[in-house]
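Residue-level structure breakdown
Each chain is listed here by its residues.
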Amino acid sequence: MTVEDVTRTDSGRALMLANEAVVRAALEADVKVVACYPGSPTSEILDTFSEVLPHFGDYRMQIAANEKVALETVAGASMAGLRSLTSMKSVGMNVASDALFSIAYTGVNAGCVCIVADDPHAHSSQSEQDGRHFAEPSYTPMIEPSTAQESYEMTKWAFEISSKYKTIVMIRTTTRVNHQRGLVKLGDLKRTPFKKNKWSEVKGQYFTVGAIARELKAKLLKKIDDIRPEFEQSKFNILEEGQGRIGVITGGVSYLHSKEAMRNLGVSLPTLKIGTVYPLPEKKIAAFLKRLDTVIVVEELTPYLELRVTAIAKDANPKIRIIGKRSGDFSEMLEYNVPIVEKALAKFLKKPLSLDYDAVTKRADQLKSILLERNPIFCPGCPHRGTLWAIRQALSRLRIRDKIVYNNDIGCYSMAMLAPNNFSDSMLSMGSSVGLSAGMEMALDDKVIAMVGDSTLYHAALPGIVNLIHHNANVTLFVLDNSITAMTGQQYNPNSPLDAGEQPARKIIMEKMFEALGSDSITVIDPYHTRDCVKPIMDALQAKGFSVVISRRECALYGDHLRRESEVPIVRSVNDKTTCRSIYNCVKEFYCPAITVDESDSKMRIQTDLCDGCLECRQVCPTSAPAHVDGTTEGPAHMSSGTPG
Amino acid sequence: MKDTYDIMFCGVGGQGLMLLSAILGKAAVDSGLEVMTGEQHGLSQRHGSIYVHFRVGKPISPLIPYGKADLVIAMEATEALRYVEYLRDDGVVIMSKRIMPPPSETGAVALDKEKKRKYVTVDQIVERLNAVTHKIVALDSLELATKAGNPLTENSVLVGAACACPDFPIPTEAVRKALLSLVPRKTVEANSAAFDLGRQAGGTCLG
Ligand SMILES: Cc1ncc(C[n+]2csc(CCOP(=O)(O)OP(=O)(O)O)c2C)c(N)n1
Ligand code: SF4
Ligand code: SF4
């Protein structure tokens, strides 16, 4: 539905996810090159661009191997005179930032926009990183929207600023902005045909080192000074008048929580909403502080605004009282909501709360005591479940379960850290399992194991793998090849024969790659033949040197998608209760959410509508009780195209 | 006076919550109402607990404050209780009677030697919810959907029931129109029937 709103050519109002609004705005700004690597909460930007690519056909798009490559790709396109955009999650900028700092020095040419999305509460991230801190040290302008409408407007403005000052512009969002749906007023959509340039006509100099770097640095400082007054005047720094000498400075989604909290309390404090995170509208802030006795700074994560407001206050109004994180009134932890802000304001203003929120949540906690947590879990039919079961079996048969270190990595398989696997001595950032393994292998007597998915393999694990092989490390690497970048919603990666918009791409053949790198052994297993996986895993674990086990089977969700496309029915499974002897391997050792227990006879029962028919549960059942509803006992065939072996 | 009507959708990853929210969103916008949602995408789409904050009227924040949701629509019964901190006193709960136990609970039930441990039941959930409200519509949505001609139309049953709430702000016909425009063509008839069955069932419960 909303894709139609992205592609329609007329103006008008549409209910859009902020991520979709970004796409629409970029299309209106005539973006020509898009490159992204997925990551929550930005993945829908990639997905939407990818979905509408065949419709437009007048921009080029790649799903990049990682965020650094994506940023360099769009910077390259911009240097070559085409408007470009990338988006990444907070931690993606850690990977990309090496290039970012240099790109700031050299500048770019055509409009180049980078969305960086933080994730307070770490809903789907490994840390609660505050990406605002990338702007100032790299001298890259950064702006921050609060709503879907602003995400749309700011994306268009970012292209203008970027073109005018020949700098990348970053748009900083947080999960609650990216995943907010709201009404957006669209403009007309007028695209131009895609056309390549000639380097001689667009060329510039894009290198920085030593004396040149120093020269560029001076120019960069001047550039930021030029941008400052423009940001100072920006309509996205909004002063809302109110009563009294207590004011609020806020931005992003915290602005929305603050406004609603004030409405609930029946107050309207003068409020300055900051839209330009860097450079800040310092004069506006100073003027605002001058008219106040107290300023309350409402922002999630680090006291980014608060510290800068404090510095500005030193000259503007040294006596002002600053209420924020450093005063102990707000936390640097988690994300905010209306109750959190309302409570802090109410306490300070000595006003009664609109509702006793603490009583509500306390009662709720008591009422919920009968529920067990519903944690994320491998989908029914997930190939990772079978792989991990087989690894557990192999380790216990070799009697080395307590003589290993298991370095986990980032992807759906991260859930190996939960029961029943509890495989996770470490899990840091994409590709870290192999880097850590190098150090552990030197320092430990134990068997060192690393595990990556196919997307992680090509994203950041490769240098670590080269390093392990080069240094003759004794490490076993499991590559969980499920054909797709699953965790972020099934995007293609270098392991796919396809790219954004279903364009053909060249699939990297990982066996050949590992062979060429000099791996000591390479074994391919199919986790749906779960029992047969145990022996090859044992062999690989015992082999000397660098052994790779590639466990190959499509992500179940992706497999379902392929089956739907080629109209192959999903045959679901039932448990044959005459064969079942309530041994419960399927329960204790497998944790498939389709599996329940029939309270009347204590036998396992499969919730057929949830079942994916993988028959992995049959493989782990000593009596092979589960079978397909049609009586067949073979798991489904591989569906993905272009998979060798 | 509350100027916003707040709906909390909840369910289990994979149940089609986003479609439900898209349907009501379209219906609200087509009726000239302001809408804002706070959705959950990403990590926990895989059989984890999921939700959408859906706000009609004059919302400012994308998140419903605790204790202020007028309506909870739960596609799975335990999820109605899981988000009970959002429900206002005397708010309405429309929930499917379907329970999808998490594997940890199945483990506890299976491995209890004395066989005393039982799954949480719909009755237990209703009893707990009664501490906050008695306006609870617990529907056998699968049975009604099957009766409508397609077991996959459970969502339409729940949306239909929502339209039966006395203060539900979106006109019923707008919801039906949005619903039928967003479901697959082949299923329009079944979805329409499911919507009506839901509406009747909701009407009976809520009087
Ligand atoms: C630097 C960085 N970029 C993006 C992400 C978001 N992210 C989390 S898991 C994942 C992909 C995992 O794919 P893969 O390794 O193939 O494992 P799968 O989920 O398919 O099992 C991504 C991109 C991240 N955590 N860190
Ligand atoms: S999305 Fe795919 S890889 Fe991830 S848990 Fe589900 S089936 Fe497994
Ligand atoms: S066949 Fe067994 S393991 Fe596979 S999805 Fe169905 S119940 Fe789960």
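Description of the structure in this document. (Residues numbered from 1 in each chain as written. Chains lettered and ligands numbered in written order. Predicted model: local features only at pLDDT ≥ 70, side-chain atom pairs only at ≥ 80, totals over all residues. Heavy atoms only, no water.)

**Observations concerning the site of ligand 1**
All names here are of chain A. Note the threshold: Any residue with at least one heavy atom within 4 Å of a molecule or strand is counted as near it. In protein, a polar contact requires one atom able to donate a hydrogen and another able to accept it; more generally it is a pair of N or O atoms within 3.5 Å, and residues adjacent in sequence count only if both atoms are side-chain atoms. Note that accessible areas follow from Shrake-Rupley with a 1.4 Å probe, and for residues the cover is restricted to the protein chains shown. In this text, helices come from DSSP runs of H or I with a minimum length of four residues, and strands from runs of E with a minimum of two, each type numbered from the N-terminal end. Polar here means any residue outside two lists: the nonpolar Ala, Val, Leu, Ile, Met, Phe, Trp, Tyr, Cys and Pro, and the charged Asp, Glu, Lys and Arg; Gly therefore counts as polar. Segmentation of the chain into domains, including their bounds, is taken from an automatic or database domain assignment.
Among the 26 residues in the neighbourhood of ligand 1, the closest are listed as Glu67, His384, Cys412, Asp454 and Thr456. Here a nitrogen atom of ligand 1 and a side-chain polar atom of glutamine 126 are 3.4 Å apart. Relative to its unbound accessible area of 580 Å², ligand 1 is 98% covered by the protein chains. Mapped by element, the contributors of at least two residues to the shell around ligand 1 are helix 5 (90–106) and helix 18 (454–470). Top contributing element to the shell around ligand 1 by residue count: helix 18, with four residues. For the shell around ligand 1, a count of residues per class yields eleven nonpolar, twelve polar and three charged. The two domains that each donate at least three residues to the shell around ligand 1 are domain 1 (3–195 + 204–232) and domain 3 (383–628).

**Quick notes on the interface of chain B and chain A**
For the record, the criterion: Any two residues whose heavy atoms approach within 4.5 Å are treated as being in contact. Accessible-area loss on putting two parts together, using a 1.4 Å probe and summing over both, is the definition of buried area adopted here. Salt bridges are counted wherever a side-chain nitrogen of Lys or Arg sits within 4 Å of a carboxyl oxygen of Asp or Glu.
Across the boundary between the two partners, chain B contributes 65 residues, which contact 66 residues of chain A. Interface of chain B and chain A: buried area, both sides summed, is about 5,800 Å²; carbon and sulfur atoms make up 62% of it. The interface formed by chain B and chain A contains nine salt bridges. Where glutamate 34 of chain B meets arginine 13 of chain A, a salt bridge forms, and the shortest distance between an N and an O atom there is 3.4 Å. Here chain B is connected to chain A by 29 residue pairs in polar contact (both at pLDDT 80 or more). Looking at the side of chain B that touches chain A, the elements that each hand over two or more residues are strand 1 (4–12), helix 1 (17–30), strand 2 (35–39), strand 3 (49–57), helix 2 (77–82), helix 3 (103–111) and helix 4 (122–129) of chain B. The leading source of residues in the side of chain B that touches chain A is helix 3 of chain B, at eight residues.

**What about the layout of surface pockets?**
We count it as follows: With a 1 Å grid spanning the protein atoms alone, the term cavity applies to any set of points in which a 1.4 Å probe fits but cannot get out, the term pocket to an open set with protein on both sides within 12 Å along at least five of seven lines, and the term lining residue to any residue with an atom within 4 Å of a point. Grid points are joined across faces, edges and corners, and a volume is the space filled by probe spheres set on the points.
In this structure, the second largest pocket occupies an estimated 1,200 Å³ of space. What lines the second largest pocket is a set of 42 residues, and nearest its centre among them are His121 and His123 of chain A together with Tyr51, Tyr83 and Tyr86 of chain B. Looking at the lining of the second largest pocket, the elements that each hand over two or more residues are helix 8 (175–178), helix 14 (338–349) and helix 15 (357–367) of chain A together with strand 3 of chain B. The biggest single contributor to the lining of the second largest pocket is helix 15 of chain A, with four residues. The residue inventory of the lining of the second largest pocket, partitioned by class, reads 17 nonpolar, 14 polar and eleven charged. Counting only domains with at least three residues in the lining of the second largest pocket, you end up with domain 1 (3–195 + 204–232) and domain 2 (238–364) of chain A.

**Details of a positive patch on the surface**
Note the cut-off: Think of a patch as exposed residues, more than 30% relative accessible area, with no salt bridge, where like charges cluster within 9 Å and nonpolar side chains (Val, Leu, Ile, Met, Phe, Trp, Tyr) cluster within 5 Å. Positive charges are assigned to Lys and Arg, negative charges to Asp and Glu, while His and the chain termini are left out of the count. For charged residues, the charge sits on one atom: NZ in Lys, CZ in Arg, CG in Asp, CD in Glu.
There is a patch of like positive charges on the surface, built from Lys588 of chain A together with Lys113, Lys115 and Lys118 of chain B. Locating lysine 118 of chain B in the fold gives a position in the loop between helix 3 and helix 4.

**Focus on the packing of aromatic side chains**
Just so we agree on the cut-off: Only Phe, Tyr and Trp rings are paired, with Trp represented by its six-membered ring, and only when their centres lie within 6.5 Å; those with planes under 30 degrees apart are stacked, over 60 edge-to-face, the remainder tilted. Each residue is placed in one exposure class: buried if its accessible area under a 1.4 Å probe, protein chains only, is under 20% of its type's maximum, exposed if it is over 50%, and partly exposed if it falls in between. We count a charge as sitting over a ring when the NZ of a lysine or the CZ of an arginine lies within 6 Å of the ring centre and within 35 degrees of the ring normal.
As enumerated under the stated definition, the model contains eleven aromatic pairs over all chains in all. On the basis of an interplanar angle of 70° and a centroid distance of 5.8 Å, the ring pair of phenylalanine 49 of chain A and tyrosine 59 of chain A is categorised as edge-to-face. Of this pair, phenylalanine 49 of chain A sits in helix 3 (residues 43–56) while tyrosine 59 of chain A is found in the loop between helix 3 and strand 3 (60–63), placing the two residues ten residues apart along the sequence. Classification of phenylalanine 49 of chain A by relative accessible area gives buried; the value is 0%. The exposure class assigned to tyrosine 59 of chain A is buried, which follows from its relative accessible area of 1%. Look at phenylalanine 9 of chain B and phenylalanine 54 of chain B: their rings are 5.7 Å apart centre to centre, the planes differ by 90°, and that puts the pair in the edge-to-face class. Of this pair, phenylalanine 9 of chain B sits in strand 1 while phenylalanine 54 of chain B sits in strand 3; the two residues are 45 residues apart in sequence, bridging distant segments of the chain. This pair shows no difference in class: phenylalanine 9 of chain B is buried, exactly as phenylalanine 54 of chain B is. The ring of phenylalanine 194 of chain A is capped by arginine 60 of chain A, whose NZ or CZ atom sits 3.9 Å from the centre of that ring. Directly above the ring of phenylalanine 590 of chain A sits arginine 385 of chain A, whose terminal nitrogen or CZ lies 5.8 Å from the centroid.

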